[in-house]
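Understanding the architecture of this molecule
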Amino acid sequence: MNQTAAVPRNHDLEALADSLSACADELHARLMRALRRQQPVEAGLSQGAAQALFEHEVALRQQANNLYVEAAAIALDGMGATQQELLELAAQARRTIRGIKRSKDLAGVAADLLGVAAAVAAMQPERLLTPLQNLKSRLASLHDENSA
Amino acid sequence: MRTILSCIALLALLAGCASESRLAEVRGFADEAPKLAGFADLSARFRDTYKREQPYLSAEADAREQAIDSKRHQAYPDFVALHEAVTAYLRGLGALAGKGRYDFSGEVRAMSAGIQAWPDTGLLDRHVDAYARLVRLMVRYGGLREQDKALQAMLRDGYRPLQDALDAMHTLLRYFNKNHDNEQRIVMGMLAVEIPYADTPQSRLLAALAKSHQQEKAGEYRLLGLRHTLAAKNVDALRARHAQLLRGLAPAPEDYGATPPIYAPAAQPPASPTAALQGARP
């Protein structure tokens, strides 16, 4: 509900700011025409008068910019929940990937264990060495990852 | 024993074959995330408007600008949070679509090789059978199909929040651009108003320096205008590509084919498991 109410409100502010900017543009065009018409400039519009007119233009633009930043804040009002959903989905993806990695580690351990078991079952101790070493280094690396 | 062995070999074969095209598409989409850096840069530039305007402002205008400046600084962390949420989602999506992420075929092959290297060594059938069950489980939960399913879920659940966030980014970029226009006209206007009065024989040096500065500033603002346009275009492109990815999901949910064009403001999200969550959102 909040969001649907907020949408027209920031659009209203933007429209108001746009019209203030347009007024400033109009004022600027007049000022520039007045400055161009007089050669030399001292003959007509005084520097003080030109500065005063320009000051009005600046004030209009500042009011417009003030409304743009307020509209921006309103546009972000409803975004908290949206951002939370995106962050939660990203976290879920990370959890899924961690789960997959664990399954792969498990598969590796199982393969090594089978090698050990087979060597034992075949009563060929010389064949025991490689699978045992594999298993040892895999478990060590898993341990390192968990403690990291 | 023979049947189990051939069964494992078959499973190892199956794990490898399925279409990679959607994964590649999603990876390509997620790789676009750096293009949103323009939004981050321009929101920082928006925040720093006052610093750039200050030398050109009168005392009264300076006082007014300070109040606006504090509002811009206040809003800035929210711009950053928005950008971070979107990039976190895209990174997660990219990681989930990573090549071989769900691919257990290497493990499955290693395991079946392990069995075949030790035939008739006295390993009991039930040992091998337990092992084969593990292999079967991995093939069922691994493989491209499962990866594709996880990706589809993330795309569907992320549809509405991502579109909303990109819409907000697009709107904010429009405000940044309009703010930029006014900043430009304040700075360039001050120079345009003051230069005619400095253009006298006594202050030729001042006039020359001011005109040179004017040219420099004009170039800077022209480039910045282009950057705003480009940043908005990038956000649009990402939004369109995301919508296109969703339209391509297969099998399409029954009610998804009737979804109105994504760009329409009233576009409905596709049915998703988080529909209840979205409904509860204010």
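Rules used in this analysis
Residues numbered from 1 in each chain as written. Chains lettered and ligands numbered in written order. Predicted model: local features only at pLDDT ≥ 70, side-chain atom pairs only at ≥ 80, totals over all residues. Heavy atoms only, no water. Helix = DSSP H or I, 4+ residues; strand = E, 2+ residues; numbered from the N terminus. Expected span 1.5 Å × (residues − 1). Contact = heavy atoms within 4.5 Å. pLDDT = per-residue confidence, 0-100. Buried area = accessible area lost by both parts, 1.4 Å probe. Salt bridge = Lys/Arg side-chain N within 4 Å of Asp/Glu carboxyl O. Polar contact = N/O pair within 3.5 Å; in protein donor to acceptor, adjacent residues only side chain to side chain. Nonpolar A, V, L, I, M, F, W, Y, C, P; charged D, E, K, R; others polar. 1 Å grid on protein atoms, 1.4 Å probe; cavity = no way out; pocket = protein on both sides within 12 Å on 5 of 7 lines; lining within 4 Å. Points joined across faces, edges and corners; volume = space filled by probe spheres on them. Axes fitted to C-alpha atoms, helices over the stretch in contact; angles between N-to-C directions. Parallel < 35°, antiparallel > 145°, perpendicular 65-115°, else oblique. Left-handed = near helix turned anticlockwise from the far one by under 90°. Core = buried A, V, L, I, M, F, W, Y, C linked by side-chain atoms within 4.5 Å. Buried < 20%, exposed > 50% of the residue type's maximum accessible area, 1.4 Å probe, protein only.

Here we look at helix H3 (residues 79-121) of chain A
The terminal C-alpha atoms of H3 of chain A, which comprises 43 residues, lie 63 Å apart, in line with the 63 Å expected from a rise of 1.5 Å per residue. Met123 of chain A occupies a position one or two residues after H3 of chain A and carries a positive phi of about 55°.

Re the side chain of Glu53 of chain B
One can find Glu53 of chain B in helix H4 (residues 49-53). When near neighbours in sequence (up to four residues on either side) are disregarded, Glu53 of chain B contacts Asn65 of chain A together with Glu65, Glu183, Ile186 and Val187 of chain B.

Structural notes on the confidence of the model for chain A
Residue and element names in this part refer to chain A. Of the residues in chain A, 89% reach a pLDDT of 70 or more, and the chain-wide mean stands at 82. Looking over chain A, one finds the lowest element-wise mean pLDDT in helix H4 (residues 129-147), namely 75, and the highest in helix H2 (residues 47-77), namely 94. The low-confidence segment residues 1-6 (pLDDT under 50) makes 7 contacts with residues lying over four places distant or belonging to another chain.

Concerning the interface of chain A and chain B
Much of the literature gives interface size as the accessible area that the parts lose upon coming together. Contacts between chain A and chain B engage 65 residues on the former and 68 residues on the latter. Surface buried jointly by chain A and chain B totals about 5,600 Å² across both partners, of which 69% is contributed by carbon and sulfur atoms. Linking chain A with chain B are 6 salt bridges, by the criterion used here. Between Lys178 of chain B and Asp18 of chain A there is a salt bridge, and its shortest N-O distance comes to 2.9 Å. Viewed at the interface, chain B and chain A are joined by 19 residue pairs in polar contact (both at pLDDT 80 or more). Elements that contribute at least two residues to the side of chain A that touches chain B include exactly helix H1 (2-37), H2 and H3 of chain A. Considering every element that reaches the side of chain A that touches chain B, the biggest residue donor is H3 of chain A, with 25 residues. In terms of residue class, the side of chain A that touches chain B is made up of 36 nonpolar, 18 polar and 11 charged.

Structural notes on empty space enclosed by the protein
Residue and element names in this part refer to chain B. Within the structure shown, the criterion is met by 1 cavity of 30 Å³ or more. As for the largest cavity, its lining consists of Leu42, Arg45, Phe46, Thr49, Arg52, Phe176, Asn179, His180, Glu183 and His228. The biggest single contributor to the lining of the largest cavity is helix H8 (residues 143-198), with 4 residues. Here the lining of the largest cavity is built from residues that sort into 3 nonpolar, 4 polar and 3 charged.

Concerning the environment of Glu194 of chain B
Turning to its location among the elements, Glu194 of chain B is positioned in helix H8. Once the C-alpha coordinates of Glu194 of chain B and Ala210 of chain B are considered, the two residues, 16 residues apart in sequence, prove to be 9.0 Å apart. Each residue touching Glu194 of chain B, except ones within four places of it in the same chain, is listed here: Gln47 and Gln51 of chain A. Only 2.9 Å separates the side chain of Glu194 of chain B from the side chain of Gln47 of chain A, close enough to count as a polar contact.

A short note on the packing of helix H3 (residues 37-47) of chain B against helix H9 (residues 204-247) of chain B
Residues and elements named next belong to chain B. Two numbers describe how H3 lies on H9: the axes approach to 9 Å, and their chain directions differ by 135°. Relative to H9, the element H3 is oriented oblique. The handedness of the crossing between H3 and H9 comes out as left-handed. Here H3 contributes Gly38, Phe39, Asp41, Leu42 and Arg45 to the contact with H9, which in turn contributes Glu220, Tyr221, Leu224, Arg227, His228 and Ala231. A class-by-class count of the residues in the contact of H3 with H9 yields 5 nonpolar, 2 polar and 4 charged.

Thoughts on the environment of Ala85 of chain B
Following the sequence through the fold, Ala85 of chain B ends up in helix H5 (residues 59-96). Taking the C-alpha atoms as reference points, Ala85 of chain B and Asp62 of chain B, 23 residues apart in sequence, are found 35 Å from one another. Excluding residues that lie within four positions of it along the chain, Ala85 of chain B makes contacts with Gln83, Leu86 and Leu87 of chain A.

Observations regarding the nonpolar core
Counting residues in hydrophobic clusters, the biggest one holds 62 residues, and the most contacted among them are Phe79, Leu82, Val86, Tyr89, Leu90 and Leu172 of chain B. If we ignore the near neighbours within four places in the chain, the residues touching Tyr89 of chain B are Leu86, Leu89 and Ala90 of chain A together with Met154, Leu155, Gly158, Leu162 and His242 of chain B. With 13 residues, the next largest nonpolar core counts Met32 and Leu35 of chain A together with Ile186 and Val193 of chain B among its residues.

As for the confidence of the model for chain B
All names here are of chain B. For chain B, the average pLDDT comes to 79, and 67% of its residues sit at 70 or higher. Of all the helices and strands in chain B, helix H10 (residues 275-280) carries the lowest mean pLDDT, 36, while H4 carries the highest, 97. Across residues 252-282, where pLDDT falls below 50, the model places 48 contacts with residues more than four positions away in sequence or in other chains. Here the predicted complex carries an ipTM of 0.74, next to a pTM of 0.75.

Focus on the packing of H2 of chain A against H5 of chain B
Two numbers describe how H2 of chain A lies on H5 of chain B: the axes approach to 10 Å, and their chain directions differ by 20°. The angle between H2 of chain A and H5 of chain B places the two elements in the roughly parallel class. Seen from above, H2 of chain A lies across H5 of chain B with left-handed handedness. Here Glu55, Val58, Ala59, Gln62, Asn65, Asn66, Val69, Glu70, Ala72 and Leu76 of chain A of H2 of chain A lie close against H5 of chain B, whose contacting residues are Glu60, Ala61, Arg64, Glu65, Ile68, Lys71, Arg72, Ala75, Asp78, Phe79 and Leu82 of chain B. Grouping the amino acids of the contact of H2 of chain A with H5 of chain B by side-chain chemistry returns 10 nonpolar, 3 polar and 8 charged.

Notes on the pattern of salt bridges
All names here are of chain B. Scanning the entire structure with this criterion turns up 23 salt bridges over all chains. Here Arg52 ties to Glu183 by a salt bridge, and the two come within 2.9 Å at their closest N and O atoms. Residue Arg52 is found in helix H4, and its partner Glu183 is found in helix H8; the two are separated by 131 residues along the sequence. Residue Arg52 is classed as buried on the basis of its relative accessible area, which comes to 18%. Ionic contacts of the salt-bridge type, sharing partners, join the residues Arg45, Arg52, Glu183, Lys217 and Glu220 into one network.

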